[in-house]
Amino acid sequence: MTVSGTSRFVRWVSILIFILTSAAAQDQPGLPPAPALPPGPLTALYLRLRSVGLDAARVYTVRDAVLDRDGVQFIFDDGTIAFTEAVDGRITGAFFEGDGEMLLSPPDQVERASLARFTGSPILTEKFSSAYLRFTDDVFRELQPYLWQAEGAESEDFVRRWDPVARTLAEPDALRVLLSYANQPPRPLDGASDESPEAASRMLHARITGEALGTFEVRIDALLGESVAAGQIAWREGVAYYDLWTSFPGRSRRTSATGREVDSSFAPEVEVWVSAYRIRAEVKPPTRLEAEAELDLEVRGAGRRLLGFELSRNLRVESVTADGRPLEVIQNEALRGSELARRGNDLVAVIFPQAIPVGRKLTLRFRYGGDVLLDAGGGLLYVGARGTWFPNRGLAMADYDLQFRYPEDWTLVATGRRVSLETKDGFTVSRWVSDRPIPLAGFNLGRYESARAEASGAVIETYAARSVEDAFPHSSMLIQPPGGDPRLINLPRTPMAVPAARPQPARYAQELADRTARSLDFLSQRLGPFPYRQLSITQMPGRDSQGWPGLIFLSSYAFLTPEERTRAGLGAVDNIRFGHVTPAHETAHQWWGDLILWRTYRDQWVVESLSNYLALLELEEQKPDEFRKLMDSYRDELLRKSASGAPYIEAGPVTLGLRLSSSRFPDGYDVVAYGRGTWLFHMLRHLLRDPAGGRDADAVFFQVLRRLRERHQGRDLSTADLQQAFEEVVPPSLRIEGQASLDWFFEGWVRGTAVPRIELADVRFERRGAKSVAVGRLIQKDAPDQLITSVPVYAQPVRGAPVFLGRVFADGPETEFRLPVSAGVTRLLLDPHFTLLRRP
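Residues numbered from 1 in each chain as written. Predicted model: local features only at pLDDT ≥ 70, side-chain atom pairs only at ≥ 80, totals over all residues. Heavy atoms only, no water.

Draft legend 1. Structural detail: the overall build of the protein chain. The helix and strand tally for the protein chain stands at 17 helices and 39 strands. Classification of the 840 residues of the protein chain by burial places 57% in the buried group. Carbon and sulfur atoms make up 50% of the accessible area of the protein chain, which totals about 34,500 Å². (Helix = DSSP H or I, 4+ residues; strand = E, 2+ residues; numbered from the N terminus. Buried < 20%, exposed > 50% of the residue type's maximum accessible area, 1.4 Å probe, protein only. Areas by Shrake-Rupley, 256 points an atom, 1.4 Å probe, with all protein chains shown as cover.)

Printed below as a string of structure tokens:
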């Protein structure tokens, strides 16, 4: 398994939600003392917002009230509602108890199916008995026509019962509400019209106790690309999951000024762009990191006063300055004794004294430190905050200049090109600079030995320790006693289990470097030049791997021999994955995922699945039997039932991204993105493949990939971009009604979930003069009626290999066909080379 895209997706989404809701490295070692964080008025305001309670003077009876937010309706039929205390002139919350109902209808089939997967219905219509609302617009004013002041005793009793709950529920949204305070001017309690600036950034977050669904939440936030979302925390086998039932752009976001539906798949605009990072860090094994980071940024959105950055919860910010002036900072450590401080998150808010003018360029300097490393044993450190060890605003291309100081008996490897290395007084200082903008930067540290190879104009260096991590599975080996020697007559004659020597990954470093060089050559010949001057491969404890720009974090399992992996408990398929696919997969990410990003989480499958399939193509060329075994395993995993009893094909389409992993399908993302996604590219490749075969049979497929690389390098890529690129080369045999469109494939297969069973029926051969025709039907089972599949049909001659006859579009459950055949053919074969994702 690899998590190259997975962890980056989680980080990207978390920082995106917060952001939208909410000097060069020097040679001298060490960091001077930092001043204390300056206190500020917005910190005090934040503390009030995160613990605001109910106001006994604002308790009302409410009847027949409706709140409509972007097509989502909250209906308060009859009950009591108490609003929160005003904070700086604004009411930002309310608690309701009584009879209510909410209505939510997703706009497309994918989201309706997702909602039905968790709730049993494609439309959410749920009666509720209580609800806590947190908002940034004037819900209080909007509901006033439906409110009647409650009696004093009734008000006091209601507040006494529900105020502790309200104060607890106020905490998670406090930073988002603060953003409205900081980035918009305050307004009085009498409110403003819907045309006010607040309407463009309004947020309503409802936590609802439903009659049938239990406690769940609905969020409507105009600052998010997918402004409407509903979900629920669910537990399975002691593990908490967040089941995101549905997420989509709201009604106002989906409709153009002309009233017509517009493309709902888009990423929000970047309002703050970081162009360069200069980071000076001191690493103090086994746990400590202290650093100073300078960020060059440009503000592109109006009214920005609060900026959000991602930084590990284990790193304490000591100071932040803008062009030398101290700024106000909100981080968990400022909230001592709170549950948030104990639990933590990976977000830091930086607050300016006034709004930053649009187009303003400035330099932010962060000083921070903390324990973000773990000694895994065996000469390996685990950098738990690989993507959050420096303040950033998510995945975006930028220049990096990194300098590290660390003990000389350790080896440090980082993204970029090493431009200097100096050892003095027991410490090493190394500097790494990116040759081109890259989406993120990282480093790894260990007591490594190295090996070197070259390929396609790039240097490949592999770094491996002499041992594996302490948590590596203990293994033993069976020893067969020798026979035939009378001196051994008293020894047992059965195999004995003895402890196996611990693997030594460093012994395998050169072979891995050479293998990676072959993969890099294979990919460069098909995709174009390798994007970087060098590629470093470092051993990482655990089973996960990641491919970052010029730096691969590779699982210890990939540094072992097949026999060692078997003794460690890996089966045949996993042995193939770690032995070949994982290193090649992470190498492919240098193009897909590092040189080219994905646009939104719905497009991440493109870079993840394509990297995996390219790794498999190299395997197919070398060991076709192992390629087939892996492809079969991907299909079988999709058909496997999860603990919930449902097969993994029901987890959803590849375009749901990490939403595929849920309480019903805990490893749904891996099964679908790697399994179905890999098969989708296999199908696309064979759709364009020349049936005659030969060296250039895949020329068109790789032409498309090279064109995508040229168009999108340094940028992002969407599923729509992928479809357009393949449609540009659609051959006549794939056109439906003469249209060079692949809508049938992307709607049915990419945004679908079926693994159909396809069969031939009623095949007969008709002879008309000198010509023969095969007539029959294609039966498509276990699939929706609207699924269209382009099925290759072959003739099986009496002797020799099958002969390709043509493609038949299986449109729905049953399709008739007629294909010309050679005289004497008496048997047809359907997809004999298994180019379709179908049941065997």
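Draft legend 2. Spotlight on helix α6 (residues 174-183). Among the ten residues in α6, ten count as buried, and that is most of the element. Among the residues of α6, those classed as buried are Ala174, Leu175, Arg176, Val177, Leu178, Leu179, Ser180, Tyr181, Ala182 and Asn183.

Draft legend 3. Local environment of the pattern of salt bridges. Applying the stated criterion to the full structure yields 65 salt bridges. Note that Arg280 and Glu292 form a salt bridge whose closest N and O atoms lie 3.4 Å from each other. Of the two residues, Arg280 is situated in strand β10 (residues 272-284) and Glu292 in strand β11 (residues 288-299); the sequence distance between them amounts to twelve residues. The exposure class of Arg280 is buried, given its relative accessible area of 9%. Of the charged contacts, one joins Glu292 and Arg367 as a salt bridge, the two residues approaching to 2.4 Å between their closest N and O atoms. Placement of the pair is Glu292 in strand β11 and Arg367 in strand β17 (residues 361-371), with a sequence separation of 75 residues. Each of the salt bridges in this network shares a partner with another, and the network as a whole consists of Arg278, Arg280, Glu292, Glu294, Asp296, Arg365 and Arg367. (Salt bridge = Lys/Arg side-chain N within 4 Å of Asp/Glu carboxyl O.)

Draft legend 4. Quick peek at the packing of helix α14 (residues 668-688) against helix α15 (residues 699-712). At their nearest, the axes of α14 and α15 sit 7 Å apart, and the two run at 120° to each other. Classified by the angle their axes make, α14 and α15 are oblique. Only Val700, Phe701 and Val704 of α15 make contact with α14, whose side of the interface consists of Phe681, Leu684, Arg685 and Leu688. (Axes fitted to C-alpha atoms, helices over the stretch in contact; angles between N-to-C directions. Parallel < 35°, antiparallel > 145°, perpendicular 65-115°, else oblique. Contact = heavy atoms within 4.5 Å.)

Draft legend 5. Representation of unusual backbone geometry within the structure. Omega for the peptide link from Pro285 to Pro286 comes to 10°, which places this bond in the cis form. Turning to its location among the elements, Pro286 is positioned in the loop between β10 and β11. Despite not being glycine, Asp831 has its phi angle at roughly 45°, a positive value. Along the polypeptide, Asp831 turns up in the segment after β39 (828-830).

Draft legend 6. Here's a closer look at the sheet that holds strand β8 (residues 228-236). The nine strands lie next to each other as β5-β1-β2-β3-β4-β6-β7-β8-β9, forming an open sheet whose pairing is antiparallel. Every interior strand has two partners, whereas the edge strands, β5 (147-149) and β9 (239-248), have only one. Shown here is a sheet whose adjacent strand axes are inclined to one another by a mean of 20°, direction ignored. As defined by bridge partners, strand β7 (residues 214-221) adjoins β8 across four bridges and the pair is classed as antiparallel. Residue pairing for β8: Arg219 is matched across the bridge by Ala229. The strands touched by α6 within the sheet are β4 (124-135), β6 (203-210) and β7, with β4 carrying the most contacts at an inclination of about 60°. (Pairing = 2+ DSSP bridges.)

Draft legend 7. Representation of the environment of Ser733 in the model. Here Ser733 shows up in the loop between α16 (719-727) and α17 (743-750). Along the chain, Ser733 and Gly806 lie 73 residues apart, while their C-alpha atoms are 8.3 Å from each other.

Draft legend 8. Layout of the nonpolar core. If you look at the biggest cluster of nonpolar residues, it comprises 172 residues, and the most contacted ones within it are Tyr368, Trp389, Phe404, Trp592, Leu614 and Phe745. Element by element, the count of residues in this core is highest for α14, at twelve residues. Among residues more than four places away in sequence, those in contact with Trp389 are Ile279, Ala281, Leu289, Leu311, Leu315, Tyr368, Leu402, Phe404, Ala441, Gly442 and Phe443. Judged by nonpolar contacts, the second largest core, of 35 residues, contains Phe76, Phe135, Ala206 and Phe216. (Core = buried A, V, L, I, M, F, W, Y, C linked by side-chain atoms within 4.5 Å.)

Draft legend 9. Looking closely at the side chain of Ser155. Mapped onto the elements, Ser155 comes out in helix α5 (residues 152-170). Of the residues examined, Ser155 reaches a relative accessible area of 3% and is grouped as buried. If near-sequence neighbours (up to four positions away) are discounted, Ser155 is found in contact with Ala56, Val59 and Ala150.

Draft legend 10. Layout of helix α13 (residues 624-639). For α13, built from 16 residues, the straight-helix expectation of 22 Å at 1.5 Å per residue is met to within 8% by its first-to-last C-alpha distance of 23 Å. The set of residues buried in α13 consists of Phe627, Leu630, Met631, Asp632, Ser633, Tyr634, Arg635 and Leu638. Here the buried face of α13 lies against α11 (572-588), α12 (604-622) and α14. (Expected span 1.5 Å × (residues − 1).)

Draft legend 11. Spatial organisation of the sheet that holds strand β37 (residues 803-811). Read from one edge of the open sheet, three strands run β37-β36-β39, paired in antiparallel fashion. At either margin of the open sheet sits one strand with a lone partner, and together these are β37 and β39. Strand-to-strand twist across the sheet, computed as the mean angle between neighbouring axes with direction ignored, equals 30°. Pairing between strand β36 (residues 788-795) and β37: eight bridges, direction antiparallel. For Pro792, the partnering residue across the bridge sits in β37 and is Arg807. Running over the sheet, α17 touches β36 and β37 and is turned about 105° from β36.

Draft legend 12. Structural context of the environment of Ala699. Checked against the element boundaries, Ala699 lands in helix α15. With a relative accessible area of 38%, Ala699 lands in the partly exposed category. Here the alpha-carbon distance between Ala699 and Arg689, two residues ten residues apart in the chain, equals 7.8 Å.

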